[in-house]
Amino acid sequence: MQHVDIVIAILAVLALAWAADQITGRRGLFGASLVSATGAACGWFLAVRVFGAATMDELGWTLWSGAGSVLSLFTFYLFRNTR
């Protein structure tokens, strides 16, 4: 079952990147995917390794990775240079 959690997290990260790319009107899906994946990795690290709030056997770490992804995408589009 652990592999299903990983697939769910990857699909959620890609869906969040695609949604953020569509909402902002830009067509830089690779950059959004990269930022989203980095934020998801940070969210996973905080949940599993730093705070110990979840383990890889639970589904809770996917929520943390999704939250990290959303936060990183928000800050990416907030502080991105728009020239």
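Refer to the structure printed above.
Residues numbered from 1 in each chain as written. Predicted model: local features only at pLDDT ≥ 70, side-chain atom pairs only at ≥ 80, totals over all residues. Heavy atoms only, no water.

Q: Describe in detail the packing of aromatic side chains, supporting the description with residues and values.
A: Aromatic rings considered in pairs are described by the distance between their centres and by the relative angle of their planes. Taken as a whole and assessed by the stated rule, the structure comprises two aromatic pairs. Relative to Tyr 77, the ring of Phe 76 has its centre 5.0 Å away and its plane inclined at 65 degrees; by these criteria the two rings are edge-to-face. In this structure Phe 76 comes out as partly exposed when scored by relative accessible area, which is 25%. (Phe/Tyr/Trp six-rings, centres within 6.5 Å; stacked < 30°, edge-to-face > 60°. Buried < 20%, exposed > 50% of the residue type's maximum accessible area, 1.4 Å probe, protein only.)

Q: Describe a nonpolar patch on the surface, naming the residues involved and giving the relevant values.
A: There is a patch of nonpolar side chains on the surface, built from Phe 45, Leu 46, Val 50, Phe 51, Leu 63 and Trp 64 and spanning about 610 Å² of accessible area. Elements with a minimum of two residues in the nonpolar patch: α2 (29-50) and α3 (60-79). Sorting elements by how many residues they give to the nonpolar patch places α2 first, with three residues. Following the sequence through the fold, Trp 64 ends up in helix α3. We classify Trp 64 as partly exposed; its relative accessible area is 34%. (Patch = residues over 30% accessible without salt bridge, like charges linked within 9 Å, V, L, I, M, F, W, Y side chains within 5 Å. Areas by Shrake-Rupley, 256 points an atom, 1.4 Å probe, with all protein chains shown as cover. Salt bridge = Lys/Arg side-chain N within 4 Å of Asp/Glu carboxyl O. Helix = DSSP H or I, 4+ residues; strand = E, 2+ residues; numbered from the N terminus.)

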